[in-house]
Amino acid sequence: MNQQIKTRRSAHLMVVDPQGQLLLFRHHDEHQAPFWTTVGGELLEGEDYPSTAMRELKEKTGLTCPLGPLLRERDNIDAVGGSPPARWLERYFLVRCPPMAEITTAHWSDEEPSTIQASHWWAREEMREADPALFKPRWIPELLDDILSSEPAIKVAEVNLFK
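Cut-offs used in this document
Residues numbered from 1 in each chain as written. Predicted model: local features only at pLDDT ≥ 70, side-chain atom pairs only at ≥ 80, totals over all residues. Heavy atoms only, no water. pLDDT = per-residue confidence, 0-100. Helix = DSSP H or I, 4+ residues; strand = E, 2+ residues; numbered from the N terminus. Contact = heavy atoms within 4.5 Å. 1 Å grid on protein atoms, 1.4 Å probe; cavity = no way out; pocket = protein on both sides within 12 Å on 5 of 7 lines; lining within 4 Å. Points joined across faces, edges and corners; volume = space filled by probe spheres on them. Salt bridge = Lys/Arg side-chain N within 4 Å of Asp/Glu carboxyl O. Buried < 20%, exposed > 50% of the residue type's maximum accessible area, 1.4 Å probe, protein only. Phe/Tyr/Trp six-rings, centres within 6.5 Å; stacked < 30°, edge-to-face > 60°. Lys NZ or Arg CZ within 6 Å of the ring centre and 35° of its normal.

Caption draft 1: Summary view of the confidence of the model for the protein chain. On average, residues of the protein chain score 84 in pLDDT, and 81% of them are at 70 or above. Of all the helices and strands in the protein chain, helix H2 (residues 112–115) carries the lowest mean pLDDT, 59, while strand S1 (residues 7–16) carries the highest, 96. With pLDDT under 50 throughout, residues 152–163 is counted as low confidence; its partners more than four residues away or in other chains account for 13 contacts.

Next comes the structure, spelled out in structure tokens:
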């Protein structure tokens, strides 16, 4: 019997601090070894990608930073959690957050504490030294390089609000 694969949509965020560090979550998934990935989640009924991105940012981190530009789109077949494989249409957006941004899990769903094991602010150099298989998708470190090359991080010491 031929079963048609379901198409699902998700928004993801490259959350970058002023030092150029990228916030990633370590996920545990029954289909594969633990991996590090971006903040994000599936679109709900009636949502578009930007509104999902903002909702997911608030739910997963507690942050309310402005949504930046669309960086990349991805079309991938993947199984997430206990769900069967699906075609995922993903969009990745940039979010610049303030220095020392505190991440909170207060808005997490009941399922998220069992799948998200940790969060970490990854420095560019740290990502370059890590095994690419730790990241999903594997090109996350390259995308961070692209972001920092085209839009350098603002150093806190360089900002003078009284000019």
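What follows picks up the thread again.
Caption draft 2: How the structure looks around the layout of surface pockets. Reported here for the second largest pocket is a volume of approximately 160 Å³. Every residue along the wall of the second largest pocket is listed here: Gln 3, Gln 4, Ile 5, Lys 6, Arg 8, Ser 83, Pro 84, Pro 85 and Ala 86.

Caption draft 3: Structural detail: the pattern of salt bridges. Going through the model one piece at a time under the given rule, you end up with eleven salt bridges. Arg 87 is the salt-bridge partner of Asp 75, the closest N and O atoms lying 2.4 Å from each other. With Asp 75 in strand S5 (residues 67–78) and Arg 87 in strand S6 (residues 86–96), this residue pair connects regions lying twelve residues apart in the sequence. With relative accessibility at 47%, the residue Asp 75 sits in the partly exposed group. The salt bridge partner of Asp 78 is Lys 136, with a shortest N-O separation of 2.6 Å. Taken as a pair, Asp 78 in strand S5 and Lys 136 in the loop between helix H3 (124–129) and helix H4 (140–150) lie far apart in primary sequence, 58 residues in all. For Lys 136, a relative accessible area of 15% gives the class buried. Salt bridges linked by common partners bring Glu 47, Arg 55, Glu 56, Glu 59 and Lys 60 together as one network.

Caption draft 4: Looking closely at the packing of aromatic side chains. Throughout the structure, instances matching the rule amount to three aromatic pairs. With centroids separated by 5.0 Å and ring planes inclined at 70°, the aromatic side chains of Tyr 92 and Trp 139 adopt a geometry described as edge-to-face. Within this pair, whereas Tyr 92 is found in strand S6, its partner Trp 139 is found in the loop between H3 and H4, the two being separated by 47 residues in sequence. The two residues Tyr 92 and Trp 139 agree in class, both being buried. Ring centres 5.1 Å apart and planes at 75° place the aromatic pair Trp 122 and Phe 135 in the edge-to-face group. Taken as a pair, Trp 122 in strand S7 (residues 116–122) and Phe 135 in the loop between H3 and H4 lie far apart in primary sequence, 13 residues in all. Across this residue pair, the class does not change: Trp 122 and Phe 135 are buried. Here the basic side chain of Arg 72 rests over the ring of Trp 139, its NZ or CZ set 4.2 Å away from the ring centre.

Caption draft 5: The arrangement of the environment of Arg 96 in detail. Among the secondary structure elements, Arg 96 is positioned in strand S6. Residue Arg 96 is classed as partly exposed on the basis of its relative accessible area, which comes to 24%.

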